[in-house]
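The lines below spell out each chain.
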Amino acid sequence: MNSRRWTLPWNDVDSFKLLSGRFEAERLPDDLSERPVPDFGYNVLNQKGLLYDPILDYDESQGERTNIQWPDGFDFAVCLTHDLDHVTRYSLTQTYRRVKQKASAHSRARSISEESLVGSNASDLLRSIAIEGRSVLQTIQHTGTDPYHSLDQWLDAERTIGAKSTFFILPTPLPPYHSTDPEYRFSDSILFEGRKQTVAKTIRQIDNLGWEIGLHPTWYSFDDVDKLQQEKSELEDIVGSEVESVRSHCLHYDIRQTPRVQEAVGFKYDSTLGFNRNIGFRFGTSYPWKLYDLQSNNSTNIVEIPLHVQDTALFRPKGLDLAPDDAIKYVKELTNRVRNVGGVLTLSWHPSKIDKNGWLDSYRQILSFLNDQNAWITTVAEIGEHCRQRAKLTLE
Ligand SMILES: [Zn+2]
């Protein structure tokens, strides 16, 4: 009887082409400045049914890439992150800013007459007016503590297992505005650990407690060195030290340009490369690697800590639309796969989703599960620094 050779489905995936971003670049629209980055549906691994496996990490031909030695005998690492998209649920000042920025973004989009632009068509505008009108009414009627003034609860959840995380903070948006620009400013007041204080002071305190502060750049900085530099410098002035890590807001990022832009302003670590509407391994790996500049055909110095699970992708109807118990099962399964290859699992939970039923509680349950897994659970910069010193990260 003839022996049969099985061909593994990932044997025909070119790992260099995947990690350098060439597969992704081939599929992107020419200009992403007004469009969201296409999500998981267009990903080459999704087409092969390989989205939920770190396929490159099983490949022994990857050599040293497969041998990250984690500190203290840990089997793998977990990177905890939060994108601080909103700081206050009920604020007339912030609603006013948001409306003003959206109106400006809408008229700009109309002026370049692109019907398909984000937030530019009439129905988007009407929906937006209805949402903001409801927000004003709710703000006037609201009494008591603002539900978003609860950053301490996220710190407490992590403290319980002795872990820390990275908070990605949005800068002050400057014109031209985009409809996704933040409405909060560093001078706004929030409650933190029972005290009313500015966002700036709160960020400094979180940094002083040992959590990491990273930048969450606005929409239009993905290809603009000056704009990204301005945003980085503003946050560094607030924190009083270098900001090393970055994740683009809405994951608005162009693999053909953004690595080069991030390197030009001196970032060390990025954690943008995941999905908004699904979970999984966008680049087929749980291992960090040095992002590739497709224009100069060289590795950059930016270490990518890929993103694998966002709360929004698990729970929102536009994502997987899962109930918390089912979402936790998915995260456990991905955790098993990352543990098997000794990689990094990166999670992102949005602090402003605290008023969504079960989202924070699911995070606590996942942390409790991870705490029993012999995992090194920490920030983007700690994992990035460890890998920079001990692992082969370049693709050549
Ligand atoms: Zn964001």
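Only a predicted model underlies this, so the values are computations on that prediction, with no experimental measurement involved.

1. Observations regarding unusual backbone geometry
- Following proline 175, the chain continues into proline 176 via a peptide bond in cis, with omega recorded as 0 degrees.
- Non-glycine residue glutamate 193 carries a positive phi angle of around 50 degrees.
- Note that glutamate 193 resides in the loop between β3 (189-192) and β4 (195-198).
- The backbone of asparagine 297 sits at a positive phi, close to 55 degrees, despite the residue not being glycine.
- By secondary structure assignment, the location of asparagine 297 is in the loop between β8 (289-293) and β9 (298-304).

2. Describing the packing of helix α11 (residues 324-341) against helix α12 (residues 359-371)
- It is at 10 Å that the axes of α11 and α12 come closest, and there the two elements cross at 30 degrees. The angle between α11 and α12 falls in the class roughly parallel. Regarding α11 and α12, the two cross each other, and that crossing is right-handed. In this structure, α11 contributes Pro324, Ala327, Ile328, Val331, Lys332 and Thr335 to the contact, and α12 contributes Asp361, Ser362, Gln365, Ile366, Phe369 and Leu370.
- The residue inventory of the contact of α11 with α12, partitioned by class, reads 7 nonpolar, 3 polar and 2 charged.

3. A look at the pairing of strand β1 (residues 76-84)
- Summarising burial for β1: 9 of the 9 residues are buried, a large majority.
- With burial as the criterion, each face of β1 is covered, one bearing Phe76, Val78, Leu80, His82 and Leu84 and the other bearing Ala77, Cys79, Thr81 and Asp83.
- As judged from the 4 bridges shared by β1 and strand β12 (residues 375-378), these two strands associate in the parallel manner. Across the sheet, the residue bridging to alanine 77 is tryptophan 376, located in β12.
- In terms of strand pairing, β1 meets strand β11 (residues 344-348) through 5 bridges, oriented parallel. Bridged to alanine 77 within β11 is valine 344.
- The sheet contact formed by β1 and strand β2 (residues 166-169) spans 4 bridges and is parallel. Looking across to β2, one finds that aspartate 83 is bridged to phenylalanine 168.

4. Re the domain arrangement of the protein chain
- Each assigned domain of the protein chain is listed here: domain 1 (55-88 + 147-390) and domain 2 (90-145).
- Centre-to-centre separation of domain 1 and domain 2, based on C-alpha positions: 27 Å.
- Between domain 1 and domain 2, the residue contacts involve 12 residues of the former and 13 residues of the latter.
- Its residues assigned to classes, the side of domain 1 that touches domain 2 shows 6 nonpolar, 4 polar and 2 charged.

5. What about the nonpolar core?
- By size, the foremost hydrophobic cluster in this structure holds 76 residues, and its most contacted members are Val78, Cys79, Ile169 and Val344.
- By residue number, the principal contributor to this core is β1, which donates 6 residues.
- In contact with cysteine 79, not counting residues within four places along its chain, are Ser271, Ile305, Val344, Thr346, Thr378, Val380 and Ile383.
- Listed in part, the 5 residues of the second largest apolar core include Leu32, Val37, Phe222 and Leu251.

6. Some words on helix α8 (residues 225-239)
- Between its first and last C-alpha, α8 extends 21 Å over 15 residues, near the 21 Å set by a 1.5 Å rise per residue.
- For α8, the full list of buried residues reads Leu228, Glu231, Lys232, Leu235 and Ile238. The arc enclosing the buried residues of α8, seen along the axis, measures out at 120 degrees, which places them on a common side. Among the exposed residues of α8, those oriented more than 90 degrees off its buried face are Asp226 and Asp237.
- For α8, the secondary structure elements touched by its buried residues are β2, α7 (199-208), β5 (212-215) and α9 (258-264).
- Residue glycine 240 follows α8 closely and has a positive phi angle near 85 degrees.

Rules used in this analysis
- Residues numbered from 1 in each chain as written.
- Predicted model: local features only at pLDDT ≥ 70, side-chain atom pairs only at ≥ 80, totals over all residues.
- Helix = DSSP H or I, 4+ residues; strand = E, 2+ residues; numbered from the N terminus.
- Axes fitted to C-alpha atoms, helices over the stretch in contact; angles between N-to-C directions.
- Parallel < 35°, antiparallel > 145°, perpendicular 65-115°, else oblique.
- Left-handed = near helix turned anticlockwise from the far one by under 90°.
- Contact = placed C-beta atoms within 7 Å.
- Nonpolar A, V, L, I, M, F, W, Y, C, P; charged D, E, K, R; others polar.
- Buried ≥ 20, exposed ≤ 12 C-beta atoms within 10 Å, placed from the backbone.
- Pairing = 2+ DSSP bridges.
- Domains from an automatic or database assignment.
- Core = buried A, V, L, I, M, F, W, Y, C linked by C-beta atoms within 7 Å.
- Expected span 1.5 Å × (residues − 1).
- Arc of directions from axis to C-beta.

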